[in-house]
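For reference, the chains in residue letters:
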There are 2 protein chains.
Amino acid sequence: MAAARAPDAPVITVHVPLGDRAYDIFVGRGLLGEAGARIAALGARAAAIVTDSNVGALYGGALADALQQRGLRASIITVAPGEATKSYASLETVCDAVLEARIERGDLVIALGGGVVGDLAGFAAAVARRGVRFVQVPTSLLSQVDSSVGGKTGINSRHGKNLVGAFHQPSLVLADTALLDTLPIREMRAGYAEVVKYGLIDDAGFFDWCEANWQGVFAGGPERNEAVAQSCRAKAAVVVRDEREEGDRALLNLGHTFGHALERITRYDSARLVHGEGVAIGMCLAFRFSAFLGLCSADDATRVERHLVTVGLPTRLQDVPGGFGTVDELLDGMAQDKKVKAGALTFILARGIGQSFVAHGIEIAKVRAFLNHEIAATRT
Amino acid sequence: MAAARAPDAPVITVHVPLGDRAYDIFVGRGLLGEAGARIAALGARAAAIVTDSNVGALYGGALADALQQRGLRASIITVAPGEATKSYASLETVCDAVLEARIERGDLVIALGGGVVGDLAGFAAAVARRGVRFVQVPTSLLSQVDSSVGGKTGINSRHGKNLVGAFHQPSLVLADTALLDTLPIREMRAGYAEVVKYGLIDDAGFFDWCEANWQGVFAGGPERNEAVAQSCRAKAAVVVRDEREEGDRALLNLGHTFGHALERITRYDSARLVHGEGVAIGMCLAFRFSAFLGLCSADDATRVERHLVTVGLPTRLQDVPGGFGTVDELLDGMAQDKKVKAGALTFILARGIGQSFVAHGIEIAKVRAFLNHEIAATRT
Ligand SMILES: NC(=O)c1ccc[n+]([C@@H]2O[C@H](COP(=O)([O-])OP(=O)(O)OC[C@H]3O[C@@H](n4cnc5c(N)ncnc54)[C@H](O)[C@@H]3O)[C@@H](O)[C@H]2O)c1
Ligand SMILES: NC(=O)c1ccc[n+]([C@@H]2O[C@H](COP(=O)([O-])OP(=O)(O)OC[C@H]3O[C@@H](n4cnc5c(N)ncnc54)[C@H](O)[C@@H]3O)[C@@H](O)[C@H]2O)c1
């Protein structure tokens, strides 16, 4: 059972102004203790909680009880932990369970878990009865700072990650930062890569802040709330500018084109690489590629790498346990990525820390030359 | 190969004004011959044609050729005919095939077929890459007058029909009425039930027109184009008032609450009952239920039934081959339907021909009494 929020612990509210799809993100320690009241305020009669077995065992009962105490009919749908759960088969299982629970149009699906649960449950909510409302209760750092905000939901196809899904905004996001106390350190680090990302995209000051305050974020001090809230603000700002990922929003993919290729090569085997680790390596590659192309200083690329190494994240192709495949496999993995426009590769590159931009039509030959150079460098 | 449209054959355009999701429906004989030009005008580079094996064998090659002649990369994805194809398994097959065909965000999925293909392909288009554009080339009367217009897409769950899906508007609808020349007569009649529905909802004059002109519709004269176009106008008007089915749009479900229950009881076995036949019986039940409740004259109910009998449609529970189950099974089938609000049953009832309305909170006891009365009546 989660500890109740101390009366003096602050709650930070981040509003996401998306017209009739606007919603609030609440960030704070102990918010799960208030979930009953905050979710009941949405006015549903029933809620289906989707969670994975790790998170469900820790927090599922507490959330269901809190809802029942407020008069909501609550049921729990448990899926297996891990990326393999973002599958067509799980979509069927969760949708059918949501229908079985007689969730109607005004009712709720609640995602209680990391990004895997959020993406899957959000997609199920988007398509069950052609759309029911959903609430995100993100429990991993990655999901608190990234996946629970913005409405992208989905599953993986054998052709690649997140290739099937929907845009479906949550009605509410409750980010209880105390839940991160039970998160495995490796997952904590992986989520932290996404925090750093917001600094690298367009906020050099926030990157400075990360360098100075990362220990508080990991330790669970007020810095953790601040890092989560600031990340949500940054992500929300991009989402509001480009809800359906037609332009600007692509900046959020900094590190993801390389990262997804690595995840594909490691077959989404989290024993080898988790998403945030792929992103960490990918961001370093994006900065080094920018330096290679003469767009950004080598010093900035080094500074990015140094900070990620400090917190314990992988930063190089050779850091991938079991190997990263060949250059051709990497290129193929990138071309499969959905951020491909008309055959040419699109990358997020940078002119420096906090100065990222979308670079369309990058020639494959240049990427190949860079990757060969990287591999040669890491072999020395 | 479809015959080209005669130069003097008129094309009727119905515009669906849905803001940035607005689109045109073109209705005419021989439109398939112009599909290449009309679809190429949307500016895509590639198209995946989804069709069933019946329709694909007749028209798939012609459409693919027409697209290729206009420089589009075209591929064909063939599914099995029949309602069972609206499944999670087919969704996976079609989505993966769309991704395999490297359909990107600007490209197209084209539904070439009846409502089954339209609903499935539209749903796949809604979720592949979180949404690609799609074009409807409806080939059954039902799909030309109903399912291809309005953006409702989806598949069936073991909990009921159409319970999983998305709202995804097409970019273009091409209704070539000449294609109906190969449609089995039973399917033609089933689609005609939906034509009549528009008269019954709110256009008594159109019901009069149907009584006078139905033979031309079946024979393929200009009345067929007129019936399709008028149906599209009627449906589009409702969809524009209520795109996401939160109010008015429910009127389109006239006959569907009973109809879906019958489809469920006959296990979606088209040898026993096809959708439009269920709707025909359902509309007659809705009018007789309205008369039973004293809302509408028995004469109007009789007139509805007489017209449907004239064209060869079933109109009574006893017309269901193999039986219609028990009253409890019927009630259970209705309660499962997604048009249930907070436990009470919602019906579309009528005060007369062209005077339908949404009736919320109809007591189960009244429905039970009516059904018992119906069964007793049909036994005599
Ligand atoms: N939708 C988006 O915009 C978006 C953005 C980024 C990433 N993602 C997706 O998010 C997924 C990765 O999310 P993730 O990193 O949270 O992975 P995850 O959901 O697999 O969670 C990681 C692990 O931590 C466990 N866990 C979660 N919270 C815990 C807690 N409080 N205590 C103990 N254990 C806990 C989980 O059971 C799991 O084993 C990927 O599938 C990625 O594609 C989506
Ligand atoms: N999305 C919506 O708004 C909406 C509305 C109404 C109905 N529907 C759905 O539509 C489906 C029923 O559609 P349907 O009646 O078109 O069924 P269907 O798609 O199964 O087609 C009926 C049969 O006719 C064949 N066929 C189609 N066109 C033909 C042609 N030109 N020549 C020869 N054979 C042809 C098909 O192969 C099939 O065997 C149901 O699943 C129903 O739920 C959806």
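Only a predicted model underlies this, so the values are computations on that prediction, with no experimental measurement involved.

**What to know about the interface of chain A and chain B**
Item 1. On the side of chain B, 37 residues touch chain A, which itself brings 37 residues to the contact.
Item 2. Carbon and sulfur atoms supply 47% of the area that chain A and chain B bury against each other, a total of about 3,200 Å² over both sides.
Item 3. Taken as a group, A:Tyr88, A:Arg129 and A:Arg130 account for 24% of the area that chain A buries against chain B, more than any other trio of residues on that side.
Item 4. A salt bridge links B:Arg158 to A:Asp96, with the nearest nitrogen and oxygen atoms 3.5 Å apart.
Item 5. Across the contact surface, chain A and chain B share 15 residue pairs in polar contact (both at pLDDT 80 or more).
Item 6. Looking at the side of chain A that touches chain B, the elements that each hand over two or more residues are helix H3 (88-100), helix H4 (115-127), strand S7 (152-157), strand S8 (160-167), helix H12 (327-336) and strand S10 (340-341) of chain A.
Item 7. A total of seven residues in the side of chain A that touches chain B trace back to one element, the largest contributor, which is H3(A).
Item 8. When grouped by side-chain class, the residues that make up the side of chain A that touches chain B number 15 nonpolar, seven polar and 15 charged.

**Points about the pattern of salt bridges**
Close approach of charged atoms lets side chains of opposite charge pair.
Item 1. Using the criterion set out here, one finds 44 salt bridges over all chains in the structure.
Item 2. Notably, a salt bridge pairs A:Lys161 with A:Glu263, separated by 3.5 Å at the nearest N-O pair. Residue A:Lys161 is located in strand S8, and its partner A:Glu263 is located in helix H9 (residues 256-265); the two are separated by 102 residues in the primary sequence.
Item 3. Since its relative accessible area comes to 4%, A:Lys161 is described here as buried.
Item 4. For B:Glu34, the salt bridge goes to B:Arg38, with nearest N and O atoms at 2.9 Å.

**Let's talk about the site of ligand 2**
Residue and element names in this part refer to chain B.
Item 1. Asp52, Glu83, Thr139, Ser140 and Thr182 are the nearest of the 27 residues found near ligand 2.
Item 2. In the model, an oxygen atom of ligand 2 is placed 2.8 Å from a nitrogen or oxygen of the lysine 86 side chain.
Item 3. One of the side-chain nitrogen or oxygen atoms of serine 140 is found 2.5 Å away from an oxygen atom of ligand 2.
Item 4. Starting from 850 Å² of accessible surface for ligand 2 in isolation, the protein chains cover 91%.
Item 5. At the level of secondary structure, the elements contributing two or more residues to the shell around ligand 2 comprise helix H2 (53-69), helix H4 (115-127), helix H5 (141-147) and strand S8 (160-167).
Item 6. The element best represented in the shell around ligand 2 is H2, accounting for four residues.
Item 7. Tallied by class, the residues present in the shell around ligand 2 amount to nine nonpolar, nine polar and nine charged.
Item 8. For the shell around ligand 2, the domains that each give at least three residues are domain 1 (12-181) and domain 2 (185-378).

**Considering the environment of A:Leu183**
Residue and element names in this part refer to chain A.
Item 1. Looking at the element boundaries, leucine 183 is found in the loop between strand S9 (172-176) and helix H6 (185-202).
Item 2. Leucine 183 sits 34 residues away from valine 149 along the chain, and the two C-alpha atoms are 19 Å apart.
Item 3. When neighbours within four sequence positions are excluded, leucine 183 is seen to be in contact with Thr139, Ser140, Leu141 and Met188.

**A closer look at unusual backbone geometry**
Item 1. Although it is not a glycine, A:Arg129 adopts a positive phi angle of roughly 50°.
Item 2. Following the sequence through the fold, A:Arg129 ends up in the loop between H4 and strand S6 (133-138).
Item 3. What makes A:Arg129 buried here is its relative accessible area of 8%.
Item 4. The phi dihedral of B:Tyr268 is positive, around 55°, even though this residue is not glycine.
Item 5. By the element assignment, B:Tyr268 lies in the loop between helix H9 (256-265) and helix H10 (275-292).

**Describing the UniProt feature "binding site: NAD(+)" (unreviewed entry) in chain A**
Item 1. Per the UniProt annotation, the sites labelled "binding site: NAD(+)" (unreviewed entry) are A:Gly115, A:Val116, A:Val117, A:Gly118, A:Asp119, A:Thr139, A:Ser140, A:Lys152 and A:Lys161.
Item 2. Residue placement: A:Lys152 occurs in strand S7.
Item 3. A:Lys152 has contacts with A:Asp119, A:Ser147, A:Ala166, A:Phe167, A:Glu245, A:Arg249 and B:Arg130, leaving out every residue within four places of it along the chain.

**Thoughts on the environment of A:Ala125**
Residues and elements named next belong to chain A.
Item 1. For alanine 125, the position within the fold is in helix H4.
Item 2. The class of alanine 125 is buried, set by a relative accessible area of 0%.
Item 3. Between the C-alpha atoms of alanine 125 and glycine 82, which are 43 residues apart in sequence, the distance is 20 Å.
Item 4. Apart from the residues within four sequence positions on either side, alanine 125 is in contact with Val109, Gly131, Val132, Arg133, Phe134 and His168.

**Description of the side chain of B:Asn156**
All names here are of chain B.
Item 1. Relative to the helices and strands, asparagine 156 resides in strand S7 (residues 152-157).
Item 2. Among the polar contacts listed, one links the side chain of asparagine 156 to the backbone nitrogen of asparagine 162, at a separation of 2.8 Å.
Item 3. The contact partners of asparagine 156, leaving out residues within four places of it in the chain, are Glu83, Lys86, Ser87, Tyr88, Lys161 and Asn162.

**Details of the domain arrangement of chain A**
Residue and element names in this part refer to chain A.
Item 1. Considered domain by domain, chain A is made up of domain 1 (12-181) and domain 2 (185-378).
Item 2. Computed from C-alpha atoms alone, the centre-to-centre distance between domain 1 and domain 2 is 26 Å.
Item 3. If you look at the interface, domain 1 gives 30 residues, while domain 2 gives 33 residues.
Item 4. Summing the contributions of domain 1 and of domain 2, the shared interface buries around 2,900 Å²; its carbon and sulfur component is 62%.
Item 5. Inspection of the region where domain 1 meets domain 2 yields five salt bridges.
Item 6. A salt bridge links lysine 197 to aspartate 146; its shortest N-O distance comes to 3.7 Å.
Item 7. Run the count over domain 1 and domain 2 and you get twelve residue pairs in polar contact (both at pLDDT 80 or more).
Item 8. For the side of domain 1 that touches domain 2, the residue count by class is 15 nonpolar, eight polar and seven charged.

**A look at the sheet that holds S6(A)**
Residues and elements named next belong to chain A.
Item 1. As summarised here, the arrangement of the seven strands in space is S1-S2-S9-S6-S5-S3-S4, forming an open sheet in which the pairing is mixed. The sheet terminates laterally at strand S1 (12-16) and strand S4 (73-79), the two strands that pair on one side only. Strand-to-strand twist across the sheet, computed as the mean angle between neighbouring axes with direction ignored, equals 15°.
Item 2. The pairing of S1 with strand S2 (residues 23-28) spans five bridges and is antiparallel. When the bridges of S2 are listed, histidine 15 appears paired with aspartate 24.

**Describing H3(A)**
A turn of α-helix holds 3.6 residues, and therefore any two residues three or four places apart point the same way.
Item 1. Look at H3(A): 18 Å from first C-alpha to last across 13 residues, which is about the 18 Å you get at 1.5 Å a residue.
Item 2. A:Arg102 sits one or two residues past H3(A) and shows a positive phi near 50°.

**Topic: the UniProt feature "domain: 3-dehydroquinate synthase N-terminal" (unreviewed entry) in chain A**
Item 1. Here the UniProt-annotated "domain: 3-dehydroquinate synthase N-terminal" (unreviewed entry) positions come out as residues 77-189 of chain A.
Item 2. Spanning residues 77-189 of chain A, this segment combines 34% helix with 30% strand, and its end C-alpha atoms are found 28 Å apart.

About the criteria used
- Residues numbered from 1 in each chain as written.
- Chains lettered and ligands numbered in written order.
- Predicted model: local features only at pLDDT ≥ 70, side-chain atom pairs only at ≥ 80, totals over all residues.
- Heavy atoms only, no water.
- Contact = heavy atoms within 4.5 Å.
- Buried area = accessible area lost by both parts, 1.4 Å probe.
- Salt bridge = Lys/Arg side-chain N within 4 Å of Asp/Glu carboxyl O.
- Polar contact = N/O pair within 3.5 Å; in protein donor to acceptor, adjacent residues only side chain to side chain.
- Helix = DSSP H or I, 4+ residues; strand = E, 2+ residues; numbered from the N terminus.
- Nonpolar A, V, L, I, M, F, W, Y, C, P; charged D, E, K, R; others polar.
- Buried < 20%, exposed > 50% of the residue type's maximum accessible area, 1.4 Å probe, protein only.
- Near = heavy atom within 4 Å.
- Areas by Shrake-Rupley, 256 points an atom, 1.4 Å probe, with all protein chains shown as cover.
- Domains from an automatic or database assignment.
- UniProt positions renumbered as here; feature names shortened; annotations may be inferred.
- Pairing = 2+ DSSP bridges.
- Axes fitted to C-alpha atoms, helices over the stretch in contact; angles between N-to-C directions.
- Expected span 1.5 Å × (residues − 1).

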